[in-house]
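What follows is the residue order along each chain.
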Amino acid sequence: KFERPDDAEVVIAVKSLYVDKLKPFGRIILKRLREMLHASATAHERAKGHNKITTTLDSVPLIDPKYLRKVCQSCKELRVEPEDGKEYSVTLIGSPKVFVDLCSPVDTYCPEMW
């Protein structure tokens with residue numbers, strides 16, 4: 001059974017990727033939504049007083065990728081842009097696109113960071 005996030009959940013996921021400076025590719029949004037579901041399920045278990053958390057990331061339902069793309073395309077806050085192959089990215093309308101290029105050989109962080 002696939003999980004079907006609503007517009008608000010998808011926008012929250014995209015905004016969280018912006019905070020992390022990660023370009024919101026469809027596959028990355030899918031992963032972030034599952035992370036959010038896992039965090040919610042874990043919080044629910046804790047709220048019930050369970051000492052041992054049984055929810056794992058693998059136990060969280062998958063997100064329907066086709067449904068996610070349709071949600072992104074219909075959301076007024078988001079713009080869907082085609083990428084290589086079947087991949088797509090999603091941007092927040094009116095927000096600057098400042099993402100880390102994971103493939104770049106240039107390290108913009110000072111050596112002390114590492």
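The text that follows walks through the structure, step by step, so that each part is easy to find. Keep in mind it's a predicted model, so treat the numbers as computed, not measured. (Residues numbered from 1 in each chain as written. Predicted model: local features only at pLDDT ≥ 70, side-chain atom pairs only at ≥ 80, totals over all residues. Heavy atoms only, no water.)

1. Observations regarding the pattern of salt bridges
Short version of the rule: Salt bridges are defined by distance alone: a side-chain nitrogen of Lys or Arg within 4 Å of a carboxyl oxygen of Asp or Glu. Numbering of helices and strands runs from the N terminus; a helix is a DSSP stretch of H or I covering at least four residues, while a strand is a stretch of E covering at least two. Partly exposed residues are those whose accessible area sits between 20% and 50% of the maximum for their type, while under 20% is buried and over 50% is exposed, using a 1.4 Å probe and protein chains only.
In total, this model carries 6 salt bridges according to the counting rule given. Between Arg-32 and Glu-35 there is a salt bridge; the shortest N-O distance is 2.8 Å. A residue pair is termed a helical-turn pair when its members lie 3 or 4 positions apart in one helix, as Arg-32 and Glu-35 do in helix α2 (residues 26-47) at 3 residues. Exposure remark for Arg-32: the relative accessible area of 14% places this residue in the buried category.

2. Side note on the packing of aromatic side chains
Worth spelling out the cut-off: Only Phe, Tyr and Trp rings take part, Trp by its six-membered ring, and two of them pair if their centres are within 6.5 Å. Stacked means planes under 30 degrees apart, edge-to-face means over 60, and tilted covers everything else.
A full pass over the atoms with the stated rule returns 1 aromatic pair. Judged by centre distance (5.0 Å) and plane angle (75 degrees), the rings of Tyr-18 and Phe-99 are edge-to-face. Here Tyr-18 is found in helix α1 (residues 7-19), whereas its partner Phe-99 is found in the segment after β2 (88-92), with 81 residues between them in sequence.

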